[in-house]
Number of protein chains: 2
Amino acid sequence: MLVATEPALVDACSDLVMYASRLTRAIRRRHEMSAGLRVLALLDQHGPLGITQLAHLDRCSQPTMSAAVGGLVERGWLAKEPHPTDRRGSVVALTDEGSAELRRARRANGEAIAARVRERTDHTTDEVLTAVAVLRDLLETDDDEGTP
Amino acid sequence: MLVATEPALVDACSDLVMYASRLTRAIRRRHEMSAGLRVLALLDQHGPLGITQLAHLDRCSQPTMSAAVGGLVERGWLAKEPHPTDRRGSVVALTDEGSAELRRARRANGEAIAARVRERTDHTTDEVLTAVAVLRDLLETDDDEGTP
DNA sequence: CCAGGTTACATAGTGTTCCTATGCAGTCGT
DNA sequence: ACGACTGCATAGGAACACTATGTAACCTGG
């Protein structure tokens with residue numbers, strides 16, 4: 001397992017992290033990308049889940065997710081019900097309003113960024129799709145396998 | 001200017017933002033990606049700068065950058081000197097320790113992510129480079145031109 | 001040359017997001 | 001049925017970022 005990972009890949013990954021971080025900051029400032037939006041997206045993608053499962057998927061702590069869900073429930077974007085068979089647990093699901101809010105935010109962000117891509121860069125849709133695929137697959141698997 | 005941007009691009013950009021946000025969070029948790037690191041990287045890239053210039057490049061407010069620079073100076077990673085000709089201004093520069101810290105963090109992040117890419121995805125170095133290019137060019141230009 | 005506007009930065013106060021530590025009720029295995 | 005584990009809540013605190021505001025220095029027009 002001592003195959004040296006190519007330096008070019010290491011550098012690229014380092015840059016990837018840096019630019020992803022900057023993009024996230026820029027989006028938070030000029031558009032919108034709250035912690036809540038990530039939760040809505042997770043529930044949209046995976047269906048109803050418990051708090052701990054959500055925390056795991058978003059890679060945050062369980063108390064953080066509890067607080068996030070609490071806020072979203074207050075705004076009417078999530079519904080939290082007791083788990084039918086396990087009385088400790090909860091089941092959190094998107095409400096119609098939450099679903100609508102997610103669509104709205106996605107559209108707003110998507111259109112703003114897409115406009116930038118078209119007007120200020122030479123990148124094609126395929127290249128953006130490649131970027132999305134790289135990021136997605138990087139996050140796809142579970143985080144800790146072998147680091148117990 | 002009413003050319004409809006293709007829906008596929010809008011969707012891709014929306015996903016791009018979401019995944020970039022998740023990656024940033026994951027990195028912050030398991031590896032490292034503090035606000036300070038972004039500042040170090042900016043100074044490494046652009047050379048010595050004033051506080052306001054740094055804030056503009058990082059797309060944060062000037063007070064936020066003041067605080068960030070203050071912390072980094074305390075840790076010995078930045079040197080802040082009065083501007084030679086404009087006595088209001090400062091010139092912030094990387095110290096040798098700051099430079100070393102940046103290299104260390106970059107390596108740590110790069111190697112960790114690169115290992116993930118190799119072991120858990122099918123993506124090539126070229127694809128990662130494409131992703132980096134998309135993100136970089138998206139952030140390259142100034143933010144507000146036409147939104148005064 | 002000097003008032004008024006602008007610029008560079010600092011300070012104060014606040015909100016969001018995230019963490020660790022801890023407690024407690026419910027579940028499960030032996 | 002007793003101990004270990006799990007799912008969640010609460011408490012306390014740190015990092016990060018904002019707006020509003022103050023102050024000193026620079027610049028410009030009369």
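Residues numbered from 1 in each chain as written. Chains lettered and ligands numbered in written order. Predicted model: local features only at pLDDT ≥ 70, side-chain atom pairs only at ≥ 80, totals over all residues. Heavy atoms only, no water.

For the rest of this paragraph, the subject is unusual backbone geometry. For Arg59(A), which is not glycine, the phi torsion reads 60° and is therefore positive. Of note, Arg59(A) is situated in the loop between helix 3 (51-58) and helix 4 (62-74). (Helix = DSSP H or I, 4+ residues; strand = E, 2+ residues; numbered from the N terminus.)

Next up on the list: the confidence of the model for chain A. Residue and element names in this part refer to chain A. Averaged over chain A, the pLDDT score is 90; the fraction of residues at 70 or greater is 91%. Ranking the elements of chain A by mean pLDDT puts helix 1 (residues 7-30) last with 92 and strand 2 (residues 90-94) first with 97. Throughout residues 144-148 the model reports pLDDT below 50, and contacts reaching past four residues in sequence, or to other chains, amount to 3 contacts. (pLDDT = per-residue confidence, 0-100. Contact = heavy atoms within 4.5 Å.)

This part takes up helix 6 (residues 125-140) of chain A. Compared with an ideal rise of 1.5 Å per residue, which puts 16 residues at 22 Å, helix 6 of chain A spans 22 Å between its outermost C-alpha atoms and is within 8% of the ideal. Restricting attention to buried positions, one finds in helix 6 of chain A the residues Thr125(A), Val128(A), Ala131(A), Val132(A), Ala133(A), Val134(A), Leu135(A), Asp137(A), Leu138(A) and Leu139(A). Among the structural elements, helix 1 and helix 5 (96-120) of chain A together with helix 1 (7-30), helix 5 (96-120) and helix 6 (125-140) of chain B are those in contact with the buried residues of helix 6 of chain A. (Expected span 1.5 Å × (residues − 1). Buried < 20%, exposed > 50% of the residue type's maximum accessible area, 1.4 Å probe, protein only.)

A word on the environment of Ala55(A). All names here are of chain A. By secondary structure assignment, the location of Ala55 is in helix 3. Owing to a relative accessible area of 4%, Ala55 belongs among the buried residues under this scheme. Distance from Ala55 to Met65, taken between C-alpha atoms, is 5.4 Å for residues 10 residues apart in sequence. Beyond its immediate sequence surroundings of up to four residues, Ala55 is in contact with Cys60, Ser61, Gln62 and Met65.

This next bit is on the nonpolar core. Counting 84 residues, the largest nonpolar core has Leu16(A), Leu54(A) and Leu54(B) as its most contacted members. The contact partners of Leu54(A), leaving out residues within four places of it in the chain, are Val39(A), Leu42(A), Leu43(A), Leu49(A), Met65(A), Val69(A) and Val92(A). (Core = buried A, V, L, I, M, F, W, Y, C linked by side-chain atoms within 4.5 Å.)

Residues and elements named next belong to chain B. Residue position: Thr95 is located in the loop between strand 2 (90-94) and helix 5. Among the residues examined, Thr95 registers a relative accessible area of 16% and is labelled buried. A polar side-chain atom of Thr95 sits 3.0 Å from the main-chain amide nitrogen of Gly98. (Polar contact = N/O pair within 3.5 Å; in protein donor to acceptor, adjacent residues only side chain to side chain.)

The next point concerns the packing of helix 6 of chain A against helix 1 of chain B. For the pair helix 6 of chain A and helix 1 of chain B, the least separation of the axes is 9 Å and the interaxial angle reads 30°. Relative to helix 1 of chain B, the element helix 6 of chain A is oriented roughly parallel. Both helix 6 of chain A and helix 1 of chain B take part in a crossing whose hand is left-handed. Where helix 6 of chain A abuts helix 1 of chain B, its residues Thr125(A), Val128(A), Leu129(A), Ala131(A), Val132(A), Leu135(A), Arg136(A), Leu138(A) and Leu139(A) lie against Ala8(B), Leu9(B), Ala12(B), Cys13(B), Asp15(B), Leu16(B), Tyr19(B), Ala20(B), Arg22(B), Leu23(B) and Ala26(B). Within the contact of helix 6 of chain A with helix 1 of chain B, the residues separate by chemical class into 16 nonpolar, 1 polar and 3 charged. (Axes fitted to C-alpha atoms, helices over the stretch in contact; angles between N-to-C directions. Parallel < 35°, antiparallel > 145°, perpendicular 65-115°, else oblique. Left-handed = near helix turned anticlockwise from the far one by under 90°. Nonpolar A, V, L, I, M, F, W, Y, C, P; charged D, E, K, R; others polar.)

Here the second copy of the chain follows from the first by a rotation about an axis and a shift along it. When chain B is fitted to chain A, the best match, at an RMSD of 0.1 Å, comes from turning it 180° and sliding it 0.0 Å along the axis. The symmetry that links the two subunits is that of a two-fold axis. Minimal C-alpha distance to the rotation axis in chain B is attained by Ala131(B), lying at 2.0 Å. Interface overlap between copies: 100% of the residues of chain B at the interface are likewise at the interface in chain A, consistent with a symmetric, same-surface contact. (Least-squares fit on C-alpha atoms with pLDDT ≥ 70 in both.)

To continue, consider the protein's contact with DNA strand C. Inspection of the region around DNA strand C gives 25 residues, with Arg29(B), Ser66(B), Lys80(B), Arg88(B) and Ser90(B) positioned closest. Ala35(A) places a main-chain nitrogen or oxygen 3.5 Å from a phosphate oxygen of DNA strand C. Interatomic distance of 2.8 Å between a side-chain N/O atom of Gln62(B) and a base nitrogen of DNA strand C. A breakdown of the residues in the surface near DNA strand C according to their chemical character gives 5 nonpolar, 10 polar and 10 charged. (Near = heavy atom within 4 Å.)

Here the focus is the protein's contact with DNA strand D. In the region of DNA strand D, 24 residues are neighbours, and Arg29(A), Ser66(A), Lys80(A), Arg88(A) and Ser61(B) sit closest. Backbone atoms, meaning sugar and phosphate, make up 66% of the atoms of DNA strand D lying within 4 Å of the protein. Residue assignment for the surface near DNA strand D shows that the elements contributing at least two residues are helix 1, helix 3 and helix 4 of chain A together with helix 2 (35-46) and helix 4 (62-74) of chain B. With 3 residues, helix 4 of chain A is the single largest residue contributor to the surface near DNA strand D.

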